[in-house]
Amino acid sequence: MAPTNETIELSGFGALTGTPKQVGDQLDRLSAEQVIALTFEHGSEPAVRSLAATLVSIAPLVRTILINHQREAISSIIEALVPHVPPPQHMLIEARMTAEARGAVLESGDWLSAPQIASMAGFSTSNPSAQPNKWKKEGRIFAVRHRGVDYFPGYALDSTAGYRPVKTLAKVLSVLHRKKDDWGLAYWFASVNSFLGGKRPQDVLASDPERVLAAAEDELVGAPHG
């Protein structure tokens with residue numbers, strides 16, 4: 001039985017099957033701009049026709065993917081060629097001032113990571129962050145986040161009580177948290193305060209925590225101290 005030839009078409013795509021001569025005769029009558037040829041040294045006619053039908057069915061999807069890749073490439077080229085818009089000058093100034101303020105705070109005292117506190121306080125090393133984070137969640141201490149790490153103020157720990165948070169600190173934080181975030185708390189503790197006779201709250205907390213609490217309450221009502 002002589003081999004048969006077949007034409008399979010879908011959405012502008014077509015596949016020709018048959019012997020080289022049969023396919024060649026059909027190609028002479030085609031008006032297609034481009035042609036892909038697959039040859040098989042061995043293979044049954046049903047298997048070849050099935051493969052041809054499969055290729056025709058996925059051809060539109062392949063074209064869509066190629067078009068999307070081209071669009072993404074063009075979009076990337078455009079983004080690379082368009083100059084970056086610099087932020088407004090006031091934002092640059094604000095960012096620089098914030099960075100300087102945070103740097104000054106970090107240099108103003110001892111800031112400890114949770115593992116460091118766990119080591120000082122003799123906590124379990126299997127989960128050293130557990131207890132300091134628990135204190136923070138309970139409002140007994142605060143921490144500032146710097147480069148992905150929480151740092152706790154050393155002045156907030158009572159060395160005479162096994163490096164646990166100063167007891168009155170929870171009350172101070174309860175007052176100040178109404179108007180300050182963690183970095184705002186750090187700025188306040190590191191700034192001279194006229195209510196405390198020009199001293200910084202962090203320097204007075206251990207020796208006279210009640211005065212620091214009074215200064216926090218005074219801060220809350222908006223008195224111009226510090």
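See the structure shown above.
Residues numbered from 1 in each chain as written. Predicted model: local features only at pLDDT ≥ 70, side-chain atom pairs only at ≥ 80, totals over all residues. Heavy atoms only, no water.

1. Points about the side chain of Lys180
Tracing the backbone through its elements, the reader meets Lys180 in the loop between helix H6 (169-176) and helix H7 (182-190). A distance of 3.3 Å separates a polar atom in the side chain of Lys180 from a polar atom in the side chain of Glu219. The residues contacting Lys180, other than those within four sequence positions of it, are Leu185, Trp188 and Glu219. (Helix = DSSP H or I, 4+ residues; strand = E, 2+ residues; numbered from the N terminus. Polar contact = N/O pair within 3.5 Å; in protein donor to acceptor, adjacent residues only side chain to side chain. Contact = heavy atoms within 4.5 Å.)

2. Here's the deal with the packing of aromatic side chains
Considering all chains together, one arrives at seven aromatic pairs under this definition. Taking 6.1 Å as the distance between ring centres and 35° as the angle between the ring planes, the aromatic pair formed by Trp183 and Tyr187 counts as tilted. Of this pair, Trp183 and Tyr187 both sit in helix H7, four residues apart, which is roughly one turn of the helix. Its relative accessible area of 9% is what places Trp183 among the buried residues. In this structure an aromatic cluster arises from ring pairing among Trp111, Phe142, Tyr155, Trp188 and Phe189. (Phe/Tyr/Trp six-rings, centres within 6.5 Å; stacked < 30°, edge-to-face > 60°. Buried < 20%, exposed > 50% of the residue type's maximum accessible area, 1.4 Å probe, protein only.)

3. Considerations on the environment of Val23
Here Val23 is to be found in helix H1 (residues 20-27). When the C-alpha atoms of Val23 and Ala37 are compared, they prove to be 9.6 Å apart, with 14 residues separating the residues in sequence. Among all residues touching Val23, those that are not within four sequence positions of it are Leu16, Thr17 and Gly18.

4. A few points about the pattern of salt bridges
When charged atoms on two side chains of opposite charge get close, those side chains can pair. Considering all chains together, one arrives at seven salt bridges under this definition. As a salt-bridge pair, Glu138 and Arg140 come within 3.7 Å of each other at their nearest N and O atoms. Since its relative accessible area comes to 31%, Arg140 is described here as partly exposed. Two residues, Asp203 and Arg200, come together in a salt bridge whose shortest N-O distance is 2.8 Å. Owing to a relative accessible area of 45%, Asp203 belongs among the partly exposed residues under this scheme. (Salt bridge = Lys/Arg side-chain N within 4 Å of Asp/Glu carboxyl O.)

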